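Coordinate analysis (summary)
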Amino acid sequence: RESHNRLNSTKPSFSMTVSLPAPPSPPASPLPPSLHDDDDVAEGDTLLEIVDITETPQIAKLMEHLPLHKGFMSVEGFVFPRTAIPHLRRIQNFEVYEDDIWICSFPKSGTTWLQEITWCLQNNLDLETARTVESDTRVPFLEFSAIAPPVLIKKNMEGDSISVVEAAPRPRIIKSHLPVALLPWKLGQVQPRLIHITRNPRDVCVSYYYHMQIAEGYTGPFERWAELFLEGCVPYYTPFVPHLVGFRELSYDPGRLLRLKYENLKRDIMGELKRIAVFLGKSYNEDQLEGLVEHQRFANFQSNPMVNKRDKIKFIQGLQGNTFTGTFIRKGIVGDWKNHLSQDQVDEFEMLEQKIVKEAKVGMKLE
């Protein structure tokens, strides 16, 4: 059973035509061993399927190279740190508004790029504010507190990321990497505008590897990382295929859902900017959009302190004693997998991609 299927059984369906019931209350009896965590389930909390996977062979391999992590859980079939559980439960009952704009993706799929584009288009191409206010302030990351070290959360915000989003002025633009099964119940009922971006899994795997080096201190070789990625056992949000399938099978008003591909943004940025603008109900001519094209040009984007998270990465690396060099905005190209994957790994990814085409009905045009 894939996690997203649970939405269509015990959870309300994401549908415009079905009258959606209220989420179920947790059972009065104690949770069975496979449904547990260290915190009590509060009244009104949603029961999630949670399994401790810390001692599984794949996670044991992973933790050899992530010495600061204390354990991992499978939550609705997806990998998260043990400390994420109370945050993920709280998100289930998060309030959603019709004028929200949600940006959803698997990590390293162009999310930061897309959130910057979306904010600028939604806010009348206000590039001055975009150059002076951090992107994560303008577009808060909903579950940041579920995956980030507490000391980093304390340094960057008052309270926690969920509270920050709750208090954000409307209309809110909200970023999340959560799979469908862990998104708020009310998203399906309210149907705010939702933009989902995907990227080919080979480049995602490579980009995620370098991200985990600089942000989490991952010390293992790329070969081990690729093996664990293919097995769906790297932090966080894996496995990749069910994550993608959940969004492809999402029953949602087509006028409120925009599907994008990273590769198309790279190939035709002007055309994709126009698509996003129309989706947001905005109208700009090409002369107006040229300023945004220049703003998000890779060299400018990588050097922009409002989006490159350089200070955050430097801070967390200092706490970890992490000496890896690199940047959060790394290369921004299509096809970097060719510089990393062996032929055996390419064969493994081809099988993964065949599964994507079959289950998610998404074509994999690789470059």
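Residues numbered from 1 in each chain as written. Predicted model: local features only at pLDDT ≥ 70, side-chain atom pairs only at ≥ 80, totals over all residues. Heavy atoms only, no water.

1. Some points on the pairing of strand β4 (residues 101–105)
Stated precisely, the cut-off is as follows: When a residue's accessible area, from a 1.4 Å probe over protein chains only, is under 20% of the maximum for its type it is buried; when over 50% it is exposed; and in between it is partly exposed. Helical segments are the DSSP runs of H or I of at least four residues, strand segments are the runs of E of at least two, and each set is numbered from the N terminus. Strand pairing is assigned whenever DSSP identifies at least 2 bridges connecting the two strands.
The element β4 is extensively covered by neighbouring structure, given that five of its five residues are classed as buried. On β4, burial covers both faces: Ile-101, Ile-103 and Ser-105 on one face and Trp-102 and Cys-104 on the other are all buried. Note that β4 and strand β5 (residues 173–176) share four bridges and pair parallel. When the bridges of β5 are listed, Trp-102 appears paired with Ile-174. Pairing analysis gives five bridges linking β4 to strand β6 (residues 193–198), with the strands arranged parallel. What sits directly across from Ile-101, in β6, is Arg-193.

2. Overview of the nonpolar core
Short version of the rule: Joining through side-chain atoms within 4.5 Å is the link that ties buried Ala, Val, Leu, Ile, Met, Phe, Trp, Tyr and Cys residues into a set, and such a set is a nonpolar core. Contacts between residues were defined by any pair of non-hydrogen atoms, one from each residue, lying within 4.5 Å.
Membership of the largest hydrophobic core comes to 69 residues, with the highest contact counts inside it found for Phe-72, Val-75, Phe-80, Leu-88, Trp-102, Trp-225 and Tyr-237. Top contributing element to this core by residue count: helix α10 (residues 201–216), with six residues. If we ignore the near neighbours within four places in the chain, the residues touching Trp-225 are Cys-205, Tyr-208, Tyr-209, Met-212, Tyr-218, Val-234 and Pro-235. Among the nonpolar cores identified, the runner-up in size contains 30 residues, and Ile-117, Ile-173, Ile-195 and Leu-292 belong to it.

3. Thoughts on the packing of helix α3 (residues 111–122) against helix α14 (residues 269–279)
To be explicit about the condition: A fitted line through C-alpha atoms serves as each axis, taken over the contacting stretch for helices, and the angle formed by two N-to-C directions is quoted from 0 to 180°. An angle counts as roughly parallel when it lies under 35 degrees, as roughly antiparallel when it exceeds 145, as roughly perpendicular when it falls between 65 and 115, and as oblique in every other case. Helix crossings fall into two classes, left-handed where the near helix is turned counterclockwise from the far one by less than a right angle and right-handed where it is turned clockwise. We call Asp, Glu, Lys and Arg charged. Ala, Val, Leu, Ile, Met, Phe, Trp, Tyr, Cys and Pro are nonpolar, and the rest, Gly among them, are polar.
Two elements in contact, α3 and α14, have axes whose closest approach is 10 Å; the angle formed by their N-to-C orientations is 55°. The orientation of α3 with respect to α14, classified from their angle, is oblique. Remark: the crossing between α3 and α14 carries right-handed chirality. Facing α3, whose interface residues are Trp-113, Leu-114, Ile-117, Thr-118 and Leu-121, α14 presents Ile-269, Leu-273, Ile-276 and Ala-277. In terms of residue class, the contact of α3 with α14 is built from eight nonpolar, one polar and no charged.

4. What to know about the packing of aromatic side chains
Spelled out, the test is: The aromatic pairing rule takes the rings of Phe, Tyr and Trp, using the six-membered ring of Trp, and pairs them if the centres are within 6.5 Å, calling planes under 30 degrees apart stacked, those over 60 edge-to-face and the rest tilted.
Considering all chains together, one arrives at 16 aromatic pairs under this definition. Relative to Trp-225, the ring of Tyr-208 has its centre 5.6 Å away and its plane inclined at 75°; by these criteria the two rings are edge-to-face. Here Tyr-208, found in helix α10, pairs with Trp-225, found in helix α11 (residues 222–230); they are 17 residues apart in sequence, far enough to count as distant. A residue is classified by how much of its surface remains accessible, and Tyr-208, at 3% relative accessible area, is buried.

5. Focus on the side chain of Glu-143
Rules: The term polar contact refers here to a pair of N or O atoms within 3.5 Å; inside protein, the definition further demands a hydrogen-donor-capable atom paired with an acceptor-capable atom, and it admits residues adjacent in sequence only when both atoms are side-chain atoms.
As for its placement among the helices and strands, Glu-143 is situated in the loop between α5 (135–138) and α6 (144–147). Within the structure, Glu-143 has its side chain in polar contact with the backbone nitrogen of His-177 (distance 2.8 Å). Here Glu-143 is in contact with Ile-91, Ser-161, Lys-175, Ser-176, His-177, Leu-178 and Tyr-237, once residues within four sequence places are set aside.

6. Thoughts on the pattern of salt bridges
Worth spelling out the cut-off: Just to be clear on terms, a salt bridge is a Lys or Arg side-chain nitrogen sitting within 4 Å of an Asp or Glu carboxyl oxygen.
Across all of its chains, the model carries 13 salt bridges by this definition. Residues participating in the shared-partner salt-bridge network are Lys-61, Glu-64, Arg-224 and Glu-227.

7. Section: the sheet that holds β4
The parallel open sheet is built from four strands, whose spatial order is β5-β4-β6-β7. Single-partner strands in this sheet number two, and they are β5 and β7 (257–261). On average, adjacent strands in this sheet sit at an angle of 20° to one another, irrespective of strand direction. One ladder, built from five bridges, connects β6 with β7; its direction is parallel. Its bridge partner lying in β7, His-196 is registered against Arg-259. Taken strand by strand, α3 contacts β4, β5, β6 and β7, and its axis lies near 165° from that of β4. Across the sheet, helix α12 (residues 240–248) touches β4, β6 and β7, and the angle it forms with β6 is around 145°.

8. Thoughts on the sheet that holds strand β3 (residues 78–81)
The strand order across the open sheet formed by three strands is β1-β2-β3, and the pairing between neighbours is antiparallel. The outermost strands of the open sheet, each flanked by one partner alone, are β1 (50–52) and β3. Across the sheet, the axes of successive neighbouring strands diverge by a mean angle of 35°, strand direction being ignored. Across the sheet, helix α2 (residues 85–92) lies against β1, β2 (72–75) and β3, angled at about 25° from β2, the strand it touches most.

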